[in-house]
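Reading the structure
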Number of protein chains: 4
Amino acid sequence: MNEKIPVGILGATGMVGQNYVSLLENHPWFEVTFLAASEHSAGQEYASAIKKRWRMPGKPPEAVGKLPVFNVKDTASAQKKCRLVFSAFSMSKNETLQLEREYAAAGMAVISNNSAHRLKDNVPIIMPEVNPELLEIIPGQQQKEGWNKGFIVTKPNCGVQSYVLPVAALKKSGLKIDQIITTNLQALSGAGYPGQSALDVLDNLIPLPSEEEKAFNEPQKIFGKLEGDRIVSDQNLKISSNCVRVPVIDGHSSCVWFSVQGAQPEIAEIEDIFRNFRGVPQEQNLPSAPQPVLRYTRDPSHPQPRLDRNAGNGMAVTIGRLQKAPVLGYRFTALSHNTLRGAAGGAILTAELLVSRGYVA
Amino acid sequence: MNEKIPVGILGATGMVGQNYVSLLENHPWFEVTFLAASEHSAGQEYASAIKKRWRMPGKPPEAVGKLPVFNVKDTASAQKKCRLVFSAFSMSKNETLQLEREYAAAGMAVISNNSAHRLKDNVPIIMPEVNPELLEIIPGQQQKEGWNKGFIVTKPNCGVQSYVLPVAALKKSGLKIDQIITTNLQALSGAGYPGQSALDVLDNLIPLPSEEEKAFNEPQKIFGKLEGDRIVSDQNLKISSNCVRVPVIDGHSSCVWFSVQGAQPEIAEIEDIFRNFRGVPQEQNLPSAPQPVLRYTRDPSHPQPRLDRNAGNGMAVTIGRLQKAPVLGYRFTALSHNTLRGAAGGAILTAELLVSRGYVA
Amino acid sequence: MNEKIPVGILGATGMVGQNYVSLLENHPWFEVTFLAASEHSAGQEYASAIKKRWRMPGKPPEAVGKLPVFNVKDTASAQKKCRLVFSAFSMSKNETLQLEREYAAAGMAVISNNSAHRLKDNVPIIMPEVNPELLEIIPGQQQKEGWNKGFIVTKPNCGVQSYVLPVAALKKSGLKIDQIITTNLQALSGAGYPGQSALDVLDNLIPLPSEEEKAFNEPQKIFGKLEGDRIVSDQNLKISSNCVRVPVIDGHSSCVWFSVQGAQPEIAEIEDIFRNFRGVPQEQNLPSAPQPVLRYTRDPSHPQPRLDRNAGNGMAVTIGRLQKAPVLGYRFTALSHNTLRGAAGGAILTAELLVSRGYVA
Amino acid sequence: MNEKIPVGILGATGMVGQNYVSLLENHPWFEVTFLAASEHSAGQEYASAIKKRWRMPGKPPEAVGKLPVFNVKDTASAQKKCRLVFSAFSMSKNETLQLEREYAAAGMAVISNNSAHRLKDNVPIIMPEVNPELLEIIPGQQQKEGWNKGFIVTKPNCGVQSYVLPVAALKKSGLKIDQIITTNLQALSGAGYPGQSALDVLDNLIPLPSEEEKAFNEPQKIFGKLEGDRIVSDQNLKISSNCVRVPVIDGHSSCVWFSVQGAQPEIAEIEDIFRNFRGVPQEQNLPSAPQPVLRYTRDPSHPQPRLDRNAGNGMAVTIGRLQKAPVLGYRFTALSHNTLRGAAGGAILTAELLVSRGYVA
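Worth saying up front: this structure is predicted, and the values here are computed from it rather than measured. (Residues numbered from 1 in each chain as written. Chains lettered and ligands numbered in written order. Predicted model: local features only at pLDDT ≥ 70, side-chain atom pairs only at ≥ 80, totals over all residues. Heavy atoms only, no water.)

1. A look at the packing of aromatic side chains
- Taken as a whole and assessed by the stated rule, the structure comprises 32 aromatic pairs over all chains.
- Note on F30 of chain A and F86 of chain A: the rings are 6.4 Å apart at their centroids and 75° apart in plane angle, and the pair reads as edge-to-face. One end of the pair, F30 of chain A, is in strand β2 (residues 30–37); the other, F86 of chain A, is in strand β4 (residues 84–87), and 56 residues separate them in sequence. F86 of chain A carries the same exposure label as F30 of chain A, and that label is buried.
- Here a set of aromatic residues connected by ring pairs shows up, and it is made of F258, F274, Y296, Y330 and F332 of chain A.
- When the ring centre of F223 of chain B is taken as origin, the NZ or CZ atom of K171 of chain B, which lies over that ring, is 4.9 Å away. (Phe/Tyr/Trp six-rings, centres within 6.5 Å; stacked < 30°, edge-to-face > 60°. Helix = DSSP H or I, 4+ residues; strand = E, 2+ residues; numbered from the N terminus. Buried < 20%, exposed > 50% of the residue type's maximum accessible area, 1.4 Å probe, protein only. Lys NZ or Arg CZ within 6 Å of the ring centre and 35° of its normal.)

This is the structure in structure tokens:
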């Protein structure tokens with residue numbers, strides 16, 4: 001790759017936007033050339049727009065700090081400046097659907113952190129190690145929508161990363177997993193900033209009922225199949241999740257139980273599956289791919305959010321506590337970083353996959 | 001009752017012991033007349049022994065503060081001072097077995113917070129709302145051991161209260177529950193003092209593998225049956241628990257899934273069961289019995305440890321988030337106060353039950 | 001007092017308003033008869049308006065739950081329902097000045113938690129143990145403003161209670177204190193709800209520059225003198241405060257240094273002053289007056305917010321760590337509950353003082 | 001430097017020891033060749049001895065993991081393996097004095113994190129940016145003690161770094177600072193592991209009286225002068241500190257007030273002093289020297305422990321909130337990382353200074 005691909009960040013002043021800015025500094029393939037946010041910030045230099053809102057350690061990278069912030073509705077400017085946009089703005093569902101479609105119609109690849117498009121049957125939810133083949137819907141999507149070069153892909157909710165990756169490894173090795181129960185212990189940064197009030201979570205835990213539907217629908221679609229011009233969810237996979245907000249800055253934990261149809265594998269076999277798993281990003285050595293993506297440990301005092309969330313630069317999933325269980329058959333605990341793997345980092349890996357497959361040139 | 005029953009606290013300087021001291025202040029039936037602790041504290045006035053270790057709000061009650069602290073091995077003094085002892089000292093398992101037996105042999109009723117005797121088949125684990133009938137083992141226990149008036153009963157680990165009480169209500173109403181999955185989110189005070197290092201739990205969660213066996217064995221025995229002179233655990237009840245230490249001062253939460261054999265009840269039926277449940281302590285209006293013992297709420301933002309742990313003076317269990325689930329069938333979240341219902345308070349309620357049934361006179 | 005005095009709460013749905021509702025349940029002198037909030041809540045029953053916003057343990061008192069919520073601008077309704085209002089609504093400074101004046105003009109005693117009127121020279125900042133004599137400005141205030149029965153008094157910012165009370169005790173005993181340095185470690189509830197983001201304060205501390213001016217101006221006025229129809233601040237008292245938000249739910253701590261002009265008292269003399277201090281509320285045994293108001297301890301591990309904030313039902317100040325210091329001369333640490341003594345409780349005590357002095361009949 | 005200098009870590013399994021192991025990985029001048037700990041760990045490979053105690057993110061460096069752990073009393077082995085030891089073992093004061101002297105007598109440079117030797121008048125407390133000239137006591141120390149090549153230097157308590165460095169910058173620029181007041185808000189890791197109980201600091205703050213004497217004595221000695229063969233503390237500098245443990249993982253904050261004799265500088269002058277300060281480590285570009293060492297900000301929302309503690313790889317001090325104050329004259333807030341700058345990192349910088357000055361060859 002001789003020249004970097006110009007990319008844009010929609011919602012650049014928000015928490016996820018700030019993560020994109022940090023992670024894309026010195027990226028070998030991408031260069032941030034377009035920043036957009038709400039009308040309120042538009043027209044300012046990024047460094048000035050972000051001044052009181054920057055929540056990352058250190059300061060914004062100097063080059064990006066000097067970029068102007070555009071109005072996120074200004075797709076015409078985006079079109080001139082970049083070929084791919086990371087979409088992390090905050091609008092109503094209808095406005096989001098509309099605006100992301102405008103970016104695609106204007107010829108840009110849209111990788112969205114928003115939930116609006118996730119359950120549309122011709123838009124895939126991509127986890128690069130899990131379902132890269134679902135990118136094959138793109139030509140059909142473009143044809144149906146009448147888009148020339150642009151398209152839309154999404155990444156899943158941050159809450160499902162921790163267990164979907166281990167489950168994918170098991171499924172790819174041939175195990176027929178049909179039932180999953182998870183308790184998701186979700187970190188504060190998953191609510192954005194300001195997010196949860198300190199009065200809610202100090203010496204306390206908060207139920208998160210609104211996250212629980214996503215924990216059900218999204219994995220079914222992630223494990224779905226391309227049939228013609230739409231993705232059909234795997235309705236045979238039953239999942240029940242209880243989601244709880246915990247006083248942890250970063251790092252979502254999942255306490256998982258699962259059942260396997262047919263012959264019941266030994267723990268040692270499952271350990272081998274976890275240890276040996278490699279997805280397409282690992283095989284192709286994509287720039288943001290963690291090596292390995294699953295870190296399996298027998299140490300019963302792990303995973304722990306603060307000690308394990310940064311494994312693989314925050315892109316790996318740490319798995320521990322694996323054992324047989326008298327109900328459902330098996331259990332483990334998994335942990336991943338919700339703003340890295342679970343948000344900006346996961347989307348950047350998806351963008352790398354799109355480039356490596358020729359969808360973005 | 002004209003005169004209060006004299007009771008002792010073994011391990012009176014520890015955290016659970018301090019809870020006993022607080023809860024028994026002004027108790028209508030019991031008067032603290034004997035305090036015992038390790039050799040280190042023995043011989044001092046309680047107020048002086050506890051001076052740097054008192055962790056409860058306010059100060060120790062004045063009358064108790066003036067009592068002498070005896071060596072916990074001094075059963076002869078105990079025998080003269082009290083008829084019932086709450087046992088919360090810290091020793092090895094063998095020493096605990098031995099010393100609690102000595103108290104029983106010396107004629108005292110022993111209600112133990114220690115785990116040593118819990119799995120002995122002629123010692124019951126009592127939850128007064130759940131299995132008061134298991135007290136009927138006492139005569140057999142006394143006969144077998146050659147004890148005259150003394151005996152030993154235990155209370156369960158603090159981690160199982162939250163889900164065993166709701167499950168008991170369901171079972172008593174006739175539902176055949178055969179499988180349970182729980183994630184137990186356990187508070188810091190469950191580890192005693194000093195317990196967990198602050199460095200472990202600030203911005204972090206810690207796996208608790210050692211608690212998980214108790215979460216399995218104890219409920220099976222609590223739901224067991226008296227057969228001759230021993231209690232037979234209910235091996236048909238399958239339970240799998242994942243236990244996690246969370247940065248919450250007091251209040252254990254359980255995220256519970258369960259399955260019912262046969263006809264599947266509607267949620268409204270289960271709600272009615274929870275709302276209408278009364279155990280023996282409620283019916284007999286025992287002094288420490290919460291009215292009601294189960295507090296059911298449809299508010300999806302509850303239970304929360306800090307806001308709900310003190311319901312019913314810390315003796316009630318708050319249940320919420322009840323719903324059907326695609327795996328196992330049903331789920332709910334329950335919360336109880338681990339040092340009140342889960343330790344000293346639960347044991348005092350057991351003592352009240354023993355008195356009301358005539359086992360302590 | 002044969003009949004209770006009808007009182008109103010302005011801003012009844014907010015955090016301070018909820019504290020008033022809780023604290024006034026079963027008050028011997030006052031009965032809540034009027035609740036007001038923003039237009040948004042007006043017209044509903046309080047129980048329904050507060051449903052998703054109630055942050056206190058347990059539920060709102062039943063009788064108050066059935067009261068209608070009025071629009072806070074509806075002074076005409078207030079006038080019919082109550083004689084005294086606790087003002088804790090949230091508006092701009094100008095709107096606050098205007099609306100509180102309307103309540104006074106309509107004949108009601110206004111006790112305000114808002115800062116708007118605090119620095120007006122004919123409105124006193126009252127701390128009942130410190131400056132009850134400043135209530136004597138009321139007739140002059142009424143005359144100047146043309147108000148018949150109504151008037152306005154304020155209570156100070158929650159951040160100054162901890163050190164102003166001990167300093168007042170020292171000044172009343174004759175010590176000439178001329179310089180004070182404090183580091184104020186302020187609890188989360190001081191910011192209201194939602195207040196501080198959990199992401200700001202977990203594993204972190206936050207500077208609070210906006211509180212620092214109040215820490216300077218308000219004590220000068222609290223220690224001021226009535227001269228004619230205005231209160232003149234004590235400009236000779238020099239105070240410098242550094243305010244920091246700490247991850248503590250309730251309880252503001254102040255690390256205080258002070259200097260004394262002239263003869264330097266021994267520590268034992270200062271201890272005696274703290275131990276013997278009684279203000280007017282203590283002497284008159286007002287219903288909310290803590291006995292004593294200053295709790296002095298030599299235990300070097302106190303004060304601690306969680307263990308000491310509820311001393312005297314949250315109305316006392318706990319003082320410890322008193323010693324001579326090589327700079328300024330003396331130091332101590334003091335703690336008070338910021339939403340009880342520091343907000344609703346302090347204002348209720350002021351209301352009791354007003355009643356006992358005949359300003360509210 | 002052609003070859004790395006072999007160094008040892010005494011107390012290698014403790015928290016500070018683990019920090020040394022991490023920080024010395026890939027150090028350009030030093031190579032860890034000797035690890036020592038208590039008898040309990042002696043004889044094992046480091047990887048095995050540390051297995052359950054490793055509290056740093058990731059794993060121990062592979063090469064160090066394979067080193068054997070020696071008994072810390074085995075100075076004979078140390079002598080063969082290294083020329084300089086970082087001393088962070090835990091023993092009584094007398095044992096520490098004795099053992100560190102044995103290392104020096106055996107010819108090794110001892111850089112100690114222990115407090116035992118800090119107040120000995122022929123042992124300097126070194127902060128490389130502050131008082132490098134006090135190293136000149138080394139020949140006199142050797143002569144008096146009869147040591148050939150070995151010697152002992154110490155580094156200060158982690159609690160004093162935050163304010164001593166800014167004050168040093170002011171003093172070096174010619175300001176005569178005579179009085180300092182600080183409130184030190186000290187992080188959990190300052191107590192080692194397990195250190196503070198979680199029950200002590202969740203929703204709480206804890207007084208730290210035992211730290212307050214160090215906050216007084218050590219700066220006086222750090223700013224002292226070499227007179228003949230001893231260091232004379234600067235008794236004219238008056239310091240009073242209130243130390244409080246706060247629920248922050250890493251990063252000690254100091255709220256500082258100070259007075260200046262004579263002409264009172266403008267804030268802009270002080271800002272310039274902070275911005276332009278360079279010490280010997282910066283001038284000589286020592287490997288661990290942060291550039292710059294003082295990070296001054298006008299942003300009133302900083303310093304914050306979590307966002308600023310890692311500035312300059314945890315070796316810089318962040319200063320903010322600088323302003324004139326009505327008492328003492330000036331105030332600011334400063335923050336430094338207590339286990340990096342405040343413990344292992346500060347000692348490594350001292351070791352680099354010793355090498356650059358020829359005391360270790």
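That shown, we press on.
2. Here we look at the pairing of strand β15 (residues 330–336) of chain B
Residue and element names in this part refer to chain B.
- The buried fraction of β15 is high, at seven of seven residues.
- A two-sided burial pattern is seen for β15, the buried positions comprising Y330, F332, A334 and S336 on one face and R331, T333 and L335 on the other.
- Both strand β12 (residues 252–261) and β15 contribute to a ladder of seven bridges, which runs antiparallel. Paired with C255 across the strands is T333, a residue of β15. (Pairing = 2+ DSSP bridges.)

3. A few points about the packing of helix α1 (residues 15–24) of chain A against helix α15 (residues 340–356) of chain A
Residues and elements named next belong to chain A.
- Here α1 crosses α15 at 55°, and the two axes come no closer than 10 Å. Put simply, α1 runs oblique to α15. The chirality of how α1 crosses α15 is right-handed. Across the interface between the two elements, V16, N19, Y20, L23 and L24 from α1 touch L340, A343, A344, G345, A347 and I348 from α15. (Axes fitted to C-alpha atoms, helices over the stretch in contact; angles between N-to-C directions. Parallel < 35°, antiparallel > 145°, perpendicular 65-115°, else oblique. Left-handed = near helix turned anticlockwise from the far one by under 90°. Contact = heavy atoms within 4.5 Å.)

4. Description of the relation of the copies chain B and chain A
- The transformation that overlays chain B on chain A combines an axial shift of 0.0 Å with a rotation of 180°, and the residual RMSD is 0.0 Å. What the rotation and shift describe, once combined, is the action of a two-fold rotation axis. (Least-squares fit on C-alpha atoms with pLDDT ≥ 70 in both.)

5. Observations concerning helix α1 (residues 15–24) of chain C
All names here are of chain C.
- If you check which residues of α1 are buried, you get G17, Q18, N19, Y20, V21 and L24.
- Buried residues in α1 make contact with β1 (5–10), β2 (30–37), α2 (46–49), α3 (62–65), β4 (84–87) and α14 (340–356).
- Where α1 terminates, the next one or two residues include N26, which has phi positive at roughly 65°.

6. Topic: the interface of chain B and chain A
- With 48 residues of chain B in contact, the opposing surface of chain A contributes 47 residues.
- Taking both sides of the interface into account, the surface hidden between chain B and chain A amounts to around 3,600 Å²; carbon and sulfur atoms contribute 57%.
- On the chain B side of the interface with chain A, the three residues burying the most area are D203, R306 and V327 of chain B, jointly 18% of the side's total.
- Our enumeration of links across chain B and chain A arrives at six salt bridges.
- In this structure, R321 of chain A engages E212 of chain B in a salt bridge whose closest nitrogen and oxygen atoms are separated by 2.8 Å.
- If you look at where chain B meets chain A, you find 23 residue pairs in polar contact (both at pLDDT 80 or more).
- For the side of chain B that touches chain A, the secondary-structure elements that each account for two or more residues are β7 (176–186), β8 (206–207), α9 (209–212), β11 (238–245), β12, α13 (305–308), β14 (317–324) and β15 of chain B.
- When the residues that make up the side of chain B that touches chain A are grouped by side-chain class, the tally is 27 nonpolar, 13 polar and eight charged. (Buried area = accessible area lost by both parts, 1.4 Å probe. Salt bridge = Lys/Arg side-chain N within 4 Å of Asp/Glu carboxyl O. Polar contact = N/O pair within 3.5 Å; in protein donor to acceptor, adjacent residues only side chain to side chain. Nonpolar A, V, L, I, M, F, W, Y, C, P; charged D, E, K, R; others polar.)

7. Considerations on the interface of chain D and chain C
- Between chain D and chain C, the contact holds 48 residues from the first and 49 residues from the second.
- Each partner contributes to the roughly 3,600 Å² buried at the junction of chain D and chain C, and carbon and sulfur atoms together form 58% of this total.
- Here chain D and chain C share six salt bridges between them.
- Taking the shortest distance from any N to any O, the salt bridge between D203 of chain C and R309 of chain D comes out at 2.8 Å.
- On inspection of chain D and its partner chain C, the count reaches 23 residue pairs in polar contact (both at pLDDT 80 or more).

8. What to know about the environment of P61 of chain A
Residues and elements named next belong to chain A.
- Topologically, P61 is positioned in the loop between α2 (46–49) and α3 (62–65).
- P61 sits in the buried class, given a relative accessible area of 9%.
- When residues no more than four places from it in sequence are discounted, the contact partners of P61 are V21 and E25.

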